[in-house]
Amino acid sequence: MATPVLDKVEAESAASPYITVTFRIRRFNPEISDESTWEDFQLEIDPKERVLDGLHKIKWDVDGTLTFRRSCAHGICGSDAMRINGKNRLACKTLIKDLNPEKPITVEPIKGLTVLKDLVVDMEPFFQAYRDVMPFLITKDTNEPTRERLQTAEDRERFDDTTKCILCAACTSSCPVFWNDGQYFGPAAIVNAHRFIFDSRDEAGEQRLEILNDRDGVWRCRTTFNCTDACPRGIEVTKAIQEVKRALITRRF
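Every value quoted in this text rests on a predicted model; they were computed, and no experiment measured them.

So, the overall build of the protein chain
At step 1: Across its full length, the protein chain holds 9 helices and 7 strands.
At step 2: At 23 Å, the protein chain has a C-alpha radius of gyration far larger than the 18 Å of a compact globule built from 253 residues.
At step 3: Taking all contacts inside the protein chain whose residues are at least 6 apart in sequence as the whole, residues at least 24 apart take part in 63%.
At step 4: Element-wise, carbon and sulfur atoms account for 49% of the exposed surface of the protein chain, whose accessible area totals about 14200 Å².
At step 5: Seen as two clouds, the 37 positive and the 41 negative side-chain charges of the protein chain have centres 4 Å apart.

Following this line, the structure appears as structure tokens:
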């Protein structure tokens with residue numbers, strides 16, 4: 001009895017890991033129009049690849065004008081935060097297969113910040129809020145230390161979670177309060193203030209608390225948990241904000 005043999009083309013097709021995926025990208029070029037538009041791109045791509053890989057294929061092989069930020073491509077730099085299928089994510093950590101690739105994958109810039117071009121937003125307001133909370137160690141001793149500033153494991157544990165922030169703005173740009181009023185410091189700035197307020201080696205906790213006690217500070221938070229859900233590093237952002245509020249009331253930190 002003859003053994004069935006697949007046609008060579010059919011065999012190659014059966015073995016191919018690629019699928020056809022539609023990327024629906026929100027485009028904006030201020031030199032062409034004041035309005036943004038949606039543009040579809042169809043790609044042959046391995047579903048185990050990431051959204052960032054798809055954006056690279058489009059830019060390198062289809063449309064070189066597509067504009068977006070990325071750097072390390074490994075979830076550390078935070079530069080490729082964008083809204084993918086309606087949620088804030090890092091494009092470099094989002095797998096095609098996890099997005100129901102049978103439907104168009106929508107990609108658009110994060111909300112609450114001015115769009116400069118395509119998926120690139122103006123991050124300056126975000127970084128200004130970060131700078132305003134003084135995100136660095138401050139001590140009264142102005143002399144250069146002669147030895148390490150030692151800290152117990154228990155003291156370190158107190159703020160360990162908020163040291164994970166990569167300043168991607170996913171949390172801040174998922175916040176409804178920030179969408180409506182860009183003056184709000186936002187979750188990321190508060191998280192980075194928390195990191196030093198509760199650091200036993202730092203001596204400027206009171207100053208940071210007063211900064212965050214401002215009308216645009218922590219009291220604007222409405223505890224919707226959007227920020228916690230959006231954080232690609234798994235930081236308990238809402239919990240950190242509540243701890244800062246508690247410290248403001250009790251002055252214990």
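And the narrative resumes.
Quick word on helix H6 (residues 187–197)
At step 1: For H6, a buried count of 11 out of 11 residues is recorded, marking the element as mostly surrounded by other parts of the structure.
At step 2: Here H6 has its buried residues at Pro187, Ala188, Ala189, Ile190, Val191, Asn192, Ala193, His194, Arg195, Phe196 and Ile197.
At step 3: Those residues of H6 that are buried lie in contact with helix H3 (124–132), helix H7 (205–212), helix H8 (226–230) and helix H9 (237–250).

Points about the domain arrangement of the protein chain
At step 1: Per the domain assignment, the segments making up the protein chain are domain 1 (19–121) and domain 2 (123–141 + 156–250).
At step 2: Computed over C-alpha atoms, the centres of domain 1 and domain 2 are 28 Å apart.
At step 3: Between domain 1 and domain 2, the residue contacts involve 14 residues of the former and 14 residues of the latter.
At step 4: Regarding the contact of domain 1 and domain 2, the summed buried area is about 1100 Å², with carbon and sulfur atoms giving 62% of it.
At step 5: On the domain 1 side of the contact with domain 2, Asn88, Lys111 and Leu113 bury the most area, a combined 42% of that side's loss.
At step 6: Our count for the contact surface shared by domain 1 and domain 2 stands at 0 salt bridges.
At step 7: Taken together, domain 1 and domain 2 are joined by 4 residue pairs in polar contact (both at pLDDT 80 or more).
At step 8: Split by residue class, the side of domain 1 that touches domain 2 holds 7 nonpolar, 4 polar and 3 charged.

Quick look at the sheet that holds strand S4 (residues 87–90)
At step 1: On the basis of which strands lie adjacent, the open sheet formed by 5 strands has the order S2-S1-S5-S3-S4 and mixed pairing. The open sheet has two free edges, formed respectively by strand S2 (37–45) and S4, since each of these has just one partner strand. Between one strand and the next, the sheet's axes are offset by a mean angle of 35 degrees, whatever the strand orientation.
At step 2: Sheet topology places strand S3 (residues 81–84) next to strand S5 (residues 105–108); 2 bridges connect them, and they run antiparallel. When the sheet's bridge partners are listed, Ile84 is paired in S5 with Val107.
At step 3: Docked against the sheet, helix H2 (residues 51–62) engages strand S1 (19–27), S2, S3 and S5, running at close to 100 degrees with respect to S2.

Description of the pairing of S1
At step 1: For S1 and S2, the ladder comprises 9 bridges, and the chain directions are antiparallel. Paired with Arg27 across the bridge in S2 is Thr37.
At step 2: Bridging between S1 and S5 involves 3 bridges; their strand directions are parallel. Within the sheet, the bridge partner assigned to Ile25 lies in S5 and is Val107.

What about the pattern of salt bridges?
At step 1: Under the defined criterion, the tally for this structure stands at 19 salt bridges.
At step 2: A salt bridge links Asp161 to Lys164, with the shortest nitrogen-to-oxygen separation between them at 3.3 Å.
At step 3: What makes Asp161 partly exposed here is its relative accessible area of 21%.
At step 4: Judged by relative accessible area, which is 30%, Lys164 ranks as partly exposed.

Focus on the pairing of S4
Strand residues, when the strand is regular, have side chains that alternate between the two faces of the sheet.
At step 1: Going residue by residue along S4, you find Asn88 and Leu90 tucked away on one face and Lys87 and Arg89 left uncovered on the opposite face.
At step 2: Between S3 and the antiparallel strand that follows it, S4, lie 2 residues; Asn85 among them carries a positive phi value of about 50 degrees.

Some words on the packing of aromatic side chains
At step 1: A full pass over the atoms with the stated rule returns 1 aromatic pair.
At step 2: Centre to centre, the rings of Phe126 and Phe127 are 5.2 Å apart; their planes meet at 75 degrees, and the pair counts as edge-to-face.
At step 3: A cation sits over an aromatic face here: Lys111 above Trp179, 3.8 Å from the ring centre.
At step 4: Lying over the aromatic face of Phe198, Arg158 brings its terminal NZ or CZ to 4.0 Å of the ring centre.

Conventions and cut-offs
- Sequence order as written defines the numbering, with residues in each chain counted from 1.
- This being a predicted model, a pLDDT of at least 70 is required before a residue's local features are given, and a value of 80 or more before pairs of side-chain atoms are given or counted; all residues contribute to the totals for chains, interfaces and linings.
- Heavy atoms from the whole structure form the basis of all side-chain values; hydrogens and water molecules are not counted.
- Working definition: helices are DSSP H or I runs of at least four residues, strands are E runs of at least two. Numbering for both runs from the N terminus.
- As a reference, a globule follows 2.2 Å times the number of residues to the power 0.38, and the radius of gyration itself is taken over C-alpha atoms.
- Two residues qualify as a contact provided that any one of their heavy atoms is within 4.5 Å of a heavy atom in the partner residue.
- Per-residue and other accessible areas follow the Shrake-Rupley method at a 1.4 Å probe size, with only the shown protein chains counted as cover for residues.
- Positive charges come from Lys and Arg, negative ones from Asp and Glu, while His and the chain ends are left out of the count.
- Where a charge lies is defined by one atom per residue type: Lys uses NZ, Arg uses CZ, Asp uses CG and Glu uses CD.
- Only protein chains enter the accessibility calculation, which uses a 1.4 Å probe. A residue is then buried if its area is under 20% of the maximum for its type, exposed if over 50%, and partly exposed in between.
- Annotation comment: domain bounds sourced from an automatic or database domain assignment.
- The quantity reported as buried area is the accessible area (1.4 Å probe) lost by two parts once they are put together, taken as the sum for both.
- In what follows, salt bridge is the name for a side-chain nitrogen of Lys or Arg lying within 4 Å of a carboxyl oxygen of Asp or Glu.
- The term polar contact refers here to a pair of N or O atoms within 3.5 Å; inside protein, the definition further demands a hydrogen-donor-capable atom paired with an acceptor-capable atom, and it admits residues adjacent in sequence only when both atoms are side-chain atoms.
- Lys, Arg, Asp and Glu make up the charged group, whereas Ala, Val, Leu, Ile, Met, Phe, Trp, Tyr, Cys and Pro make up the nonpolar group; the residues left over, Gly among them, are polar.
- DSSP bridges decide pairing: two strands pair if at least two such bridges lie between them.
- Fitted lines through C-alpha atoms give the axes, limited to the stretch in contact for helices. The angle between two N-to-C directions lies from 0 to 180 degrees.
- By convention, a stacked pair of Phe, Tyr or Trp rings (six-membered ring in the case of Trp) has centres within 6.5 Å and planes under 30 degrees apart, an edge-to-face pair has planes over 60 apart, and any other such pair is tilted.
- When the NZ atom of lysine or the CZ atom of arginine is within 6 Å of a ring's centre and also within 35 degrees of its normal, the charge is said to sit over that ring.

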